[in-house]
Amino acid sequence: MGNTASGSSIRGGGGSGGGRTKKLDRIELHEAVVPFDNLTSDCIARLWDRFVAEAASFAVSEADLLDMCERSLRHVIKTDAKPFDDVVKDLFHLFAGSEPGVQHVDFMEVQMALLFCATHSFEAKANFIFDCMDFEGTDWVTQPAFEITFKSIEAGLRKISVDPNVDPGKLTKERTGQNAELNIQNMASSWFDQCRNMRDDRDMGEGLTRRQFIDFCESPDHNILQYFKLFADADGADLGSDLEAEGSAMGKHQRNATTDADGTFLIENHDAAGTGFSTTASIFARPWLQELVSQQSAIEKEVVITRPPSSRLRLDWVHGCRLGDCRNNVLYTADADAIVYHAAGVAVVLHFRGDGYDADDGAEDGGDRAGRQQFCLEHADDILSMATANVVASGTALNAPALSVAEEEEVEGQEEGKGIEAATGEAAKANAKEYTLVATGEVGTSPRIIVWSPEARGKHEPIVSLCSIEGSHERGVSHLTFSRPQLEGNQMALRLVSVGLDDHHRISVHELVWDSPTIRLDSSPQVRLRCSAASGSERVFGLIDNPFDFDRFVTCGAKHLNFWRVTPYGLEKDSILRRVQETLISGVFLSHDVAVFGCATGGLKVYLRGAETKARPGHYTWSRAGEIAGNSENAINTLFVCERTSDDAPHVVLAGSKDGRVCAWKLESKEPEPGQTIKYVASEQRTHAWVFNGPLWTIDLNDGSAQGAMAVSMLPTSPQGELKNLQTTAIRSICLDTKHGGDTARLLVGTRGCEVFEFEMTNIENQGGGPVSVPRLLVQGHCMGELWGLAVHPKIHEYCTVGDDWTLRIWDSGTHRQKYRSMALPGPARACTYSPDGMTLVVGFGGQTNTSGRGKSQNGLCHVYSLVDVGKGTFELPSICQLRDARQDVSEVKFSPDGKVLAVASNDNSVYLYSVSDTFSLLTKFNKHNSRITHIDFSTDSRYLQTNCGSYERLACQTSNGRQIQCQSEELESIEWETQTCVVDAAVRGVWTACPNSTNVTGIDRLKGHDVDEAPVLAVSDDHGSVRLFRYPCTEANGHHYHEYIGHSACISTIRWGCGQNDDYLAKKAKIQAEAEGEGEAVEYDSDEEETILQYLYTTGARDRCIFQWVHEGEAMPDDLDLEEPGSPTEEGEFGKAHREASDKGEDSLLVGSIGLDSGGDEFMAVKPWLGAIKEPTELPKANRDEALKALYGEQKKFADQHKNLSVEIHSGVKGSGGAYRVGRKEGDGPDLNLPAISESLQATRFGVNKTLVHRSKSSKAPDNDGLELEWIHGYQGQENHDNVRYVKRDPKDDVGKGIGYHAAAVGIVLHRADNADDGRLLQSFQTDHTDDIVSFAVHPNLNIVATGQLGKNPAIEIWSTSPSIERRQTLQGFHKRAVTNLCFSTEGDLLASIGNDDAHSMAIYSWASGALVGTAKGDGNKVLAMQFEPRSPNLVSAGIKHVRFWNVQGRSVSSKRGILGSKKVGWNLGFEHCSKKLQKSSQLKSGKPKTKEKGKLQPFTCIGWRTVVTKGKAAKKKGKKGKKKKAKAIKSSE
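What counts and what doesn't
- Residues numbered from 1 in each chain as written.
- Predicted model: local features only at pLDDT ≥ 70, side-chain atom pairs only at ≥ 80, totals over all residues.
- Heavy atoms only, no water.
- Helix = DSSP H or I, 4+ residues; strand = E, 2+ residues; numbered from the N terminus.
- Buried < 20%, exposed > 50% of the residue type's maximum accessible area, 1.4 Å probe, protein only.
- Contact = heavy atoms within 4.5 Å.
- Pairing = 2+ DSSP bridges.
- Axes fitted to C-alpha atoms, helices over the stretch in contact; angles between N-to-C directions.
- Polar contact = N/O pair within 3.5 Å; in protein donor to acceptor, adjacent residues only side chain to side chain.
- Salt bridge = Lys/Arg side-chain N within 4 Å of Asp/Glu carboxyl O.
- Patch = residues over 30% accessible without salt bridge, like charges linked within 9 Å, V, L, I, M, F, W, Y side chains within 5 Å.
- Areas by Shrake-Rupley, 256 points an atom, 1.4 Å probe, with all protein chains shown as cover.
- Lys, Arg positive; Asp, Glu negative; His and termini not counted.
- Charge placed at Lys NZ, Arg CZ, Asp CG, Glu CD.
- Phe/Tyr/Trp six-rings, centres within 6.5 Å; stacked < 30°, edge-to-face > 60°.
- Lys NZ or Arg CZ within 6 Å of the ring centre and 35° of its normal.
- Expected span 1.5 Å × (residues − 1).
- pLDDT = per-residue confidence, 0-100.
- Parallel < 35°, antiparallel > 145°, perpendicular 65-115°, else oblique.
- Left-handed = near helix turned anticlockwise from the far one by under 90°.
- Nonpolar A, V, L, I, M, F, W, Y, C, P; charged D, E, K, R; others polar.

Undergrad: Got a minute to help me understand the environment of Gly990 in this structure?
TA: You can see Gly990 is positioned in the loop between helix H21 (970-973) and strand E63 (1001-1007). With relative accessibility at 0%, the residue Gly990 sits in the buried group. When the C-alpha atoms of Gly990 and Cys1034 are compared, they prove to be 5.0 Å apart, with 44 residues separating the residues in sequence. Each residue touching Gly990, except ones within four places of it in the same chain, is listed here: Cys1034, Thr1035, Glu1036 and Gly1039.

As structure tokens, this is what we get:
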């Protein structure tokens, strides 16, 4: 967060009231932007995401801006003076200006202006600006993108700021007009040059890297830092990185979720009518889907089963725990045989001993298996807070007898407020047993609190919630705590206190009430909001319940401490003797009047409650009664008070600190010595002071020789890079269990390294106590950054993960543990893969581009390791070699099926192919993509590779030489792929129909059936945390039928099927088959063994860093199951309404939707995305068609004649569209009619028409295409093209051109006089072979040949003659992409040069007569506007936006050099002297920026011309000087 500029700066939170101005230094914010001041990073990100998802361009209307702000900022912009709509309208009018008729504003100006006023740090703002410029995600930007963005920044800041020292009229004039535009342009250009001067090892040539940009922004030597400081927010308290992360709303999506009886969590699937998701909109949002139509036709010929897969997924295990930004969230259950914690959007109960721990899962003393997990899957977003309460409860689900009538009457006679043990009676005490209630709070716009119990349905049953609380908070629930139960009349009440993430950190107190004298876990309680109040603007870090007082609790945080009391009138605060100056982050109560708090500075402080205020009953004053100082670097993150064995026993408090230590402190109340005064205590309390004794014992997780925690830990013994600085041993949660008797206890410790230990303790209340054995590691996972790398072992149930925490981890699917200690990596990693034999592991590095350190140099690197198991829980990974060809982050690595080729995909838009046998030497490089590579697949024979990129291109190449295969060729369609992970493919096109437009499919993996009759299954993940199960292939016919499961955070990074059958099982099965065939020895075989072989699916969350392990379970589904076709009429008679078919047996719901997407083309079809919405129907026999149409017309006529008082809407059914007929009565109609019979008749007719619909153009009487002839075209393409009108020859005998050649639309035109016409009549001749708009034009030196280039994904160059008639001579196609923008013939006429519209503006040179490609080369990154051959030479010159490039052609070799643009004399190699018919290059031509009024701004070069001057050697005599020779110079003209 940036420092505040000098001067008076008045700033409130985002959402402070409007209608006033704020002064910053000498700049005031305009009153229209004041309500948007100090927005948080989440608000800025939500506004940008909404713009990207909804806006069609950067020009947004008032309605568009209002809608985007409504969806992203409504909850934070709170103004009392004006309605929210008026506030947004004022903002729009501010940016629109005072000119009348302005209906749109530049959204980039609005976004950047709000960003500069936000609470981001300097670096965060710079990163956000770079991300906006880097729209393709390539991690580098060009100069045009930079200049456009910074022009928007400058313009936006000018509009929101007001200089009080400048006349308003003058200021308005300066902000508009050409002078202001020119100044902004010059400044942006200057800043770009300054950025380019910043040093970076990853220099991208003409582009700008992120590192260069951030260094430029943070440098005090540049002006932009002053902009950041001028609009920066003031710093708050320095809380440290761990506290700054607390309360962050990681999840950014909401889900409409339901649960079935078996606990499987699914999402309701809406159709187009329910969500507004139309076919046309989806085509425009996802134009890449169009490339799949032609390939999909072959797949649709197969029989497609239009129902979900018969198999299901069951969540088996979750690796990970949210400990980095949450505290006190790993707790014991009531019996201490299990622990409760949360990860991503799942609450987890881990049973690791007792009756909840299966005997088959491992030994009681920590056997091979990690235990068994239960899950609460009812949250719709990430869980942020958790609280537990151990209560005495009853209920049939607990297998405990309920109270009899007599027992309940006995309970009613007990006194109120004596606790639950006193309230349940003697009979209840005999059956009394404690159970655990858990409350978990989530993030979101309207977050929910779920109350549940692991024992509600038994320890082996899925968890079902008792109640859900919603509507009390905004953004998220940061803290939760339970009160102790209390009997009120004949009802048992339990209070739940929560704190929200809104600006005022609102506190809500809910009461859970059961209509029985005990808490019953088999029934839902009544939930009522008792009271609510705002805590304040300071952040809350602790919420502590007073277990000795039902009505009291405490909140603490940044420089505040509040003692709250629940009264009949709401919440009231007690007084504190002195204002708190420290940041308190944890606390516990020792008694009803003594509390201990832990500070961010490492100290402990005791507060004592004074006497009750006489004037205010129930009001007390608290004062400090003791303290112990600590290390300012070691915050006390968590506290736990041990239960006393007697009233005389001392209080023992356990403190967990940031330095990885757990210390036990004994607190005693002592009288002060004579003459000693007690600070901070009221006069009536100065008789005693609280003293800390100890520490009694200490557990230091950083000490390798103490307690053995380091030996049990799975973190590397020598962490590297950022992991070393993370303080992974920082204590985040502690919990003590003393109920198993004796002097022993169990201590549960959770660390920031995502590890949870259990220590066996003894003598905890005395000096010298502590752990007695090596701790037990219960939970482990990745702990920093993001998690992307996942690889599955090809032969056994093992998988590997790598992440941004610089570690490599190998997991065992069966034991749910890490097989070995994590290996430290030299940098953050993003991809990994096993070789086909499982003996080699390849890791690709990348992921951190905006930080310094060792990790930066590893981006783009690949390490090849040999996996060697050395036993004793360790392994070695000796490095075989390192691959350093990729220039940016590695996104994917994969071996070919035969293990001979390794493919490395990178964010530099390339795939590198290596030969494994030749010590991983580089075979070839495939670099035809326009964006970062996201997915790759090898063919079964290892000869081909298909790839996807961030621009949703699907390309393919040969692995031997990198030759690209055309997307719609027969060769590509005949390839069988070994894996299916590419998300853009015809075989998986249907998975996109299940995703809304704002959702992207992030991963796909196909599971092949092991048997012939077993159908393949497709697992799909998206960036909203959903996992879907489809049948394969997944086309539009079955793309609406799937099972869906959630639990991850916003983005699932990787999804992979595991090895279904291990080697031992396959070998044993082969022997059994050999025995059956009489080819081997008899082998005993258990027929049930095959059922024990589990098929796993693994998913990794990018931001939650969790690994989910799913079990794939087969389930029989009858073949004759009657399912409605998608889009068919529902029971209500509404067409296309989303519906669900749910089983009454508690099974997963069948998700059926009606979303259709048809399209065609490949990655460049974004030019015409609407083409995909048109698909030709299938033609059927004429007889069937006529019969069906006759029946339809008959029914319609009958309907019209007999029932004219009805209104009918007939939607003609197209195959697959599910057309419907709806019949309804008009108002005021006559008597009732037999509507069901009429509807049934029309419905039957509609099905007949659906089967016989034909292509009208082929069956009608329309004339052939030869019936029309093009006569004349009015128009000429002169707006976007230039140099495209030339004289051409119409007659070969002509010496000069007498016709005029040009183009319009997709037609080449020659305008000429009519032959043998004396009246001067003009005619047009046409070249109509182009399939898209013509954008380039060139004429042969002989004036009888014309070349024209067009737009398109695979644009063609048509070469045609003009005399004696227009005739195609040659077609050149296959090299360029998107368009052919420039064409020119050589002066000899044998060569044709062309430039494409790809990112590199590649050049091709053809021998056009033969069609041979002479040479190719990449061009300039800037746009090319002109190109010419040198006279009588194959060399060329090209020029355009801020560049001139000289090309040298030698055979097939084409190279170029960029011209030096400057004010000094340079050799341009541009001019020529004609002397004795020999061309000689001139030198020392002075070039530079044109002398215009816009000084310093280089204008584009739009054309190139040549002029020759004869040299005259003539001496001129002058006085006292020698004569000089004058040279004729050839000059280059520029505009």
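Undergrad: Would you explain the sheet that holds strand E86 (residues 1424-1429) in this entry?
TA: Within a sheet, neighbouring strands are paired by backbone hydrogen bonds and run either parallel or antiparallel to one another. Taken together, the four strands give an open sheet; going across it, the order is E86-E87-E88-E89, and neighbouring strands pair in antiparallel fashion. Two strands in the sheet have a free side with no partner beyond their single neighbour: E86 and strand E89 (1453-1458). Each strand of the sheet is rotated relative to its neighbour by a mean of 20°, with strand direction disregarded. Pairing analysis gives six bridges linking strand E88 (residues 1443-1450) to E89, with the strands arranged antiparallel. What sits directly across from Arg1445, in E89, is Arg1458.

Undergrad: Quick question: what am I supposed to make of the environment of Lys159 here?
TA: By the element assignment, Lys159 lies in helix H6 (residues 143-160). A relative accessible area of 25% means that Lys159 is categorised as partly exposed. Taking the C-alpha atoms as reference, Lys159 lies 6.5 Å from Phe95; in sequence the two are 64 residues apart. A polar contact of 3.0 Å, which involves the side chain of Lys159, links it to the backbone oxygen of Phe95.

Undergrad: I keep staring at the pattern of salt bridges and nothing clicks. Help me out?
TA: Counting across every chain of the model gives 42 salt bridges. Residue Glu1113 pairs with Arg314 through a salt bridge whose shortest N-O separation is 2.6 Å. Taken together, the residues Glu1113 in strand E69 (residues 1107-1113) and Arg314 in strand E10 (residues 312-319) connect sequence positions 799 residues apart. Judged by relative accessible area, which is 33%, Glu1113 ranks as partly exposed. One salt bridge connects Asp337 with Arg353, and the closest N-O pair in it is separated by 3.5 Å. Of this pair, Asp337 sits in the loop between strand E11 (331-332) and strand E12 (338-343) while Arg353 sits in the loop between strand E13 (346-351) and strand E14 (372-376), and the two are 16 residues apart along the sequence. What makes Asp337 buried here is its relative accessible area of 17%. What makes Arg353 buried here is its relative accessible area of 6%.

Undergrad: What should I look at first to understand a positive patch on the surface in this one?
TA: Taken together, the side chains of Arg887, Lys925, Lys928 and Lys1418 present a region of like positive charge at the surface. Relative to the helices and strands, Lys1418 is located in the loop between strand E85 (1412-1417) and E86.

Undergrad: Would you take a moment to explain the packing of aromatic side chains for this structure?
TA: Any pair of aromatic rings gets described here by the distance separating the centres and the angle formed by the planes. For the structure shown, the criterion picks out 22 aromatic pairs. Centroid distance Phe51 to Phe58: 5.3 Å. Interplanar angle 40°. Geometry classified as tilted. When its relative accessible area of 5% is taken as the criterion, Phe51 is described as buried. A centroid spacing of 6.4 Å and a plane angle of 15° characterise the contact between Tyr799 and Trp811, whose relative ring orientation is stacked. Within this pair, whereas Tyr799 is found in strand E45 (residues 798-803), its partner Trp811 is found in strand E46 (residues 807-812), the two being separated by 12 residues in sequence. On the basis of relative accessible area, Trp811 is assigned to the buried category, the value being 0%. Three or more aromatic residues joined by ring pairs form one cluster here, namely Trp48, Phe51, Phe58, Phe107 and Phe128. Its end group placed over the ring of Tyr1032, Arg1006 keeps NZ or CZ at 5.2 Å from the ring centre.

Undergrad: For this particular structure, what's the right way to read the sheet that holds strand E26 (residues 552-557)?
TA: Spatially, the four strands line up as an open sheet ordered E25-E26-E27-E28, and their pairing is antiparallel. One side of each edge strand has no neighbouring strand; the edge strands of this open sheet are strand E25 (540-545) and strand E28 (570-573). Direction aside, the axes of adjacent strands within the sheet are offset by 25° on average. As defined by bridge partners, strand E27 (residues 560-567) adjoins E28 across four bridges and the pair is classed as antiparallel. The residue of E28 that forms the bridge with Trp564 is Lys573.

Undergrad: Explanation requested: helix H5 (residues 122-133) in the structure shown.
TA: Because an α-helix completes one turn every 3.6 residues, residues spaced three or four positions apart along the sequence face the same direction. Taking 1.5 Å of rise per residue, the 12 residues of H5 would be expected to cover 16 Å, and the 17 Å separating its terminal C-alpha atoms lies within 8% of that figure. The element H5 is largely enclosed, with a buried count of nine among its 12 residues. Buried within H5 we find Phe122, Lys125, Ala126, Asn127, Phe128, Ile129, Phe130, Cys132 and Met133.

Undergrad: When you look at the confidence of the model for the chain in this model, what are you seeing that I'm missing?
TA: Low-pLDDT stretches of the model should not have their predicted coordinates read in fine detail. On average, residues of the chain carry a pLDDT of 74, and 66% of them reach 70 or more. Every residue in residues 164-177 is under pLDDT 50, and counting partners more than four places away or in other chains gives 11 contacts. Across residues 1251-1262, confidence stays below pLDDT 50; counting only partners more than four residues off in sequence or on other chains, it has 18 contacts.

Undergrad: For this particular structure, what's the right way to read the pairing of E27?
TA: In regular strands, side chains alternate between the two faces of the sheet. Counted residue by residue, E27 has eight buried out of eight residues, so it is predominantly covered. Residues His560, Asn562, Trp564 and Val566 of E27 are buried on one face, and the alternating residues Leu561, Phe563, Arg565 and Thr567, pointing to the opposite face, are buried as well. With six bridges joining them, E26 and E27 adopt antiparallel strand pairing. The residue bridging Gly557 from the neighbouring strand is His560, located in E27. The loop that links E26 with its antiparallel partner E27 comprises two residues; one of these, Lys559, has a positive phi angle of about 55°.

Undergrad: Would you mind showing me how to read the packing of helix H4 (residues 107-116) against H5 here?
TA: Packed helix pairs are specified by the crossing angle of their axes together with the interaxial distance, meaning the distance between the axes. Where H4 contacts H5, the axes come no closer than 10 Å and their chain directions differ by 165°. In terms of axis orientation, H4 runs roughly antiparallel to H5. The interaxial crossing formed by H4 with H5 has right-handed handedness. On H5, the residues that touch Met108, Gln111, Met112, Leu115 and Phe116 of H4 are Lys125, Phe128, Ile129 and Cys132. Classifying every residue of the contact of H4 with H5 gives seven nonpolar, one polar and one charged.

Undergrad: Please explain unusual backbone geometry as it appears in this structure.
TA: Peptide bonds are mostly trans, and most non-glycine residues show a negative phi. The residue after Gly694, namely Pro695, is reached through a cis peptide bond having omega 10°. Here Pro695 lies in the loop between strand E37 (689-693) and strand E38 (698-700). Of note, the bond from Ser1363 into Pro1364 is cis; its omega dihedral lies within 30 degrees of zero at -5°. With respect to the element layout, Pro1364 can be found in the loop between strand E80 (1356-1361) and strand E81 (1367-1373). The phi torsion at Asn763 lies on the positive side, around 50°, for a residue other than glycine. Position of Asn763 relative to the elements: it lies in the loop between strand E41 (756-762) and strand E42 (770-771). Residue class for Asn763 comes out partly exposed when judged on its relative accessible area of 29%. You will see that Arg1105, though not glycine, has its phi angle at about 60°, which is positive. With respect to the helices, strands and loops of the structure, Arg1105 is situated in the loop between strand E68 (1095-1101) and E69.

Undergrad: Which parts of the structure should I look at to understand the packing of helix H1 (residues 41-54) against helix H2 (residues 62-72)?
TA: Contact geometry for H1 and H2: axes closest at 9 Å, N-to-C directions at 130°. The orientation of H1 with respect to H2, classified from their angle, is oblique. Judged by the sense of rotation from one axis to the other, the crossing of H1 with H2 is right-handed. Touching Arg46, Leu47, Arg50, Phe51 and Glu54 of H1 are Asp67, Met68, Cys69, Arg71 and Ser72, all from H2. Class assignment for the residues of the contact of H1 with H2 results in four nonpolar, one polar and five charged.

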